[in-house]
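Geometric and topological summary
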Amino acid sequence: MFDEVVEVAIRERVDGVIHCGDLFDDPEPSPRAFYNAVKSLKKLSGAGIPFLVIAGQHDQPKRAEVSPLKVLEEVGVARLLALGKPSTGVVNLRSGELGFTAIPYTPPGAMHGVLRELRKPDTRRSVLMAHLLLKELNLPTSHVSLAELGVSGFSYVALGDYHLRWSTNYSGVPVVYPGSTEALDVLESSDERYVAMVDLSGESASVSWVKLSRFRKILVVDNVSSFADLQRAILRYRLEELGKKPMLYVKLSPKGGYTSSSERVRIEQLLRDLVRQGKILNYRLVLPGVEEVEGSGVSEEAPPPTLDYVVYEVVKDPELSELLLKIIRGSEGGEGIRKVIDDVLANERLVEKLRKVVSKR
Ligand SMILES: [Mn+2]
């Protein structure tokens, strides 16, 4: 986790830590997230190591709110190099001057204008920091190539936005996505997280990797067809032995006994209990019929959700979502709507549930 990055920085006595955006996952972080960030960054500044950061889209507040990075700068634990538009300048590190050009998250439409006006620093060594997805990553949301970015002349190119480790060398300049320090999605459930150690003392930059160990794991439980299935899988994972509460990603099998509502209710209950008991951080339950997310890359565009998924996400209750789906499909000419309503009225427990949902609105 980020705290471990700070420990590495202090242990390795680095000159500075650079972060290329999305330090926070939310432009309005929780007090807990703020507290953790300030606590870690204070250790860093206490050790005389500057923290240089640019904004990702998650650090850029919508409307006229204050960016959380601005708050960190105000309390003196970060230096915000670029928030809404690019900047070029020089920072003084223990080892001397470091020139920088910083490109915060920029909407695709504005990117080419930004690149045309980009200036390079006039220093012996310099870093290009940018929050963007390179075309070279081959993602549907990529829109800038290394050639368009114009990396020649920089000593090092530090990139953010892509959550997995990726690096290349472009006409002698190392170009690096170190990846996120935490996995945020099941697509990133690779078991490896790194920080890049960059040495700019020589003629050309050299990069080495430090592997992190304390990141959060995402446990995937596939093909669950019954409550017992899930229970067994969870026992196998030995949750209490993992250093950090994991996230649990549970996929129900399309041909399981879970199709009886009571089985799904039990599965959900178990997952909620695990959260309440502090054994997992959260969970994601995927019902069959939800399109599989394909590929191993990270896409910011989720696949179009199915009706089942949308309804489930709204009510967060398997039994109620099944009922609503019946009603919706019944009105499309499937099972008669009258019969669905009669069934509901015959089920007192369900009527009570519905009453609660309605009274909450
Ligand atoms: Mn981003």
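Structural data are supplied above this passage.
Residues numbered from 1 in each chain as written. Predicted model: local features only at pLDDT ≥ 70, side-chain atom pairs only at ≥ 80, totals over all residues.

A look at the sheet that holds strand β3 (residues 79-82)
In any sheet, the strands associate via hydrogen bonds between backbone groups, in a parallel or an antiparallel arrangement. Keep this limit in mind: At least two bridges found by DSSP between two strands are what make those strands a pair. Segments assigned H or I by DSSP are reported as helices when at least four residues long, segments assigned E as strands when at least two residues long, and all are numbered from the N terminus. Every axis in this analysis is a line fitted to C-alpha atoms, fitted for helices over the stretch in contact. Angles between the N-to-C directions lie between 0 and 180 degrees.
Strand order in the open sheet formed by three strands is β1-β2-β3, and the pairing between neighbours is parallel. Looking along the sheet, the strands with just one partner apiece sit at the ends: β1 (17-19) and β3. Between one strand axis and the next, the sheet turns through 25 degrees on average, direction left out of account. Here strand β2 (residues 51-54) runs beside β3; their pairing, made up of three bridges, is parallel. Across the sheet, the residue bridging to Leu 52 is Arg 79, located in β3.

Let's talk about the packing of helix α1 (residues 2-11) against helix α2 (residues 31-46)
Under the convention used in this document: When an angle is under 35 degrees it counts as roughly parallel; over 145 it counts as roughly antiparallel; between 65 and 115 it counts as roughly perpendicular; any other value is oblique. Two residues form a contact once the distance between their C-beta atoms, set from the backbone, is within 7 Å. All amino acids are sorted into three groups, where Ala, Val, Leu, Ile, Met, Phe, Trp, Tyr, Cys and Pro are nonpolar, Asp, Glu, Lys and Arg are charged, and the leftover types, Gly among them, are polar.
Put simply, α1 and α2 touch, their axes get as near as 9 Å, and they point 5 degrees apart. Between α1 and α2, the angle is such that the two are roughly parallel. When α1 is examined against α2, the residues Phe 2, Asp 3, Val 6, Ala 9 and Ile 10 are found in contact with a partner set consisting of Ser 40, Lys 43 and Leu 44. Of the residues contributing to the contact of α1 with α2, the split by class is five nonpolar, one polar and two charged.

Observations regarding α1
Counted only if it meets this: Burial in this document is a count-based property: other C-beta atoms within 10 Å of a residue's C-beta are tallied, and the residue is buried at 20 or more, exposed at 12 or fewer, or partly exposed in between, with C-beta positions derived from the backbone. Think of it as the arc spanned by the lines of direction from the helix axis to the C-beta atoms.
Listing the buried residues of α1 in full gives Phe 2, Val 5, Val 6 and Ala 9. Relative to the axis of α1, the buried residues are bounded by an arc of 100 degrees and lie together on one face. If you follow the buried residues of α1, they end up packed against β1, α2 and β10 (194-199). Downstream of α1 by a residue or two, Arg 13 has a phi angle that is positive, lying close to 50 degrees.

Details of helix α6 (residues 227-237)
Within α6 the residues assigned to the buried category are Phe 227, Asp 229 and Leu 230. The arc enclosing the buried residues of α6, seen along the axis, measures out at 160 degrees, which places them on a common side. Seen from the open side of α6, the exposed residues pointing more than 90 degrees away from its buried face are Arg 232, Leu 235 and Arg 236.

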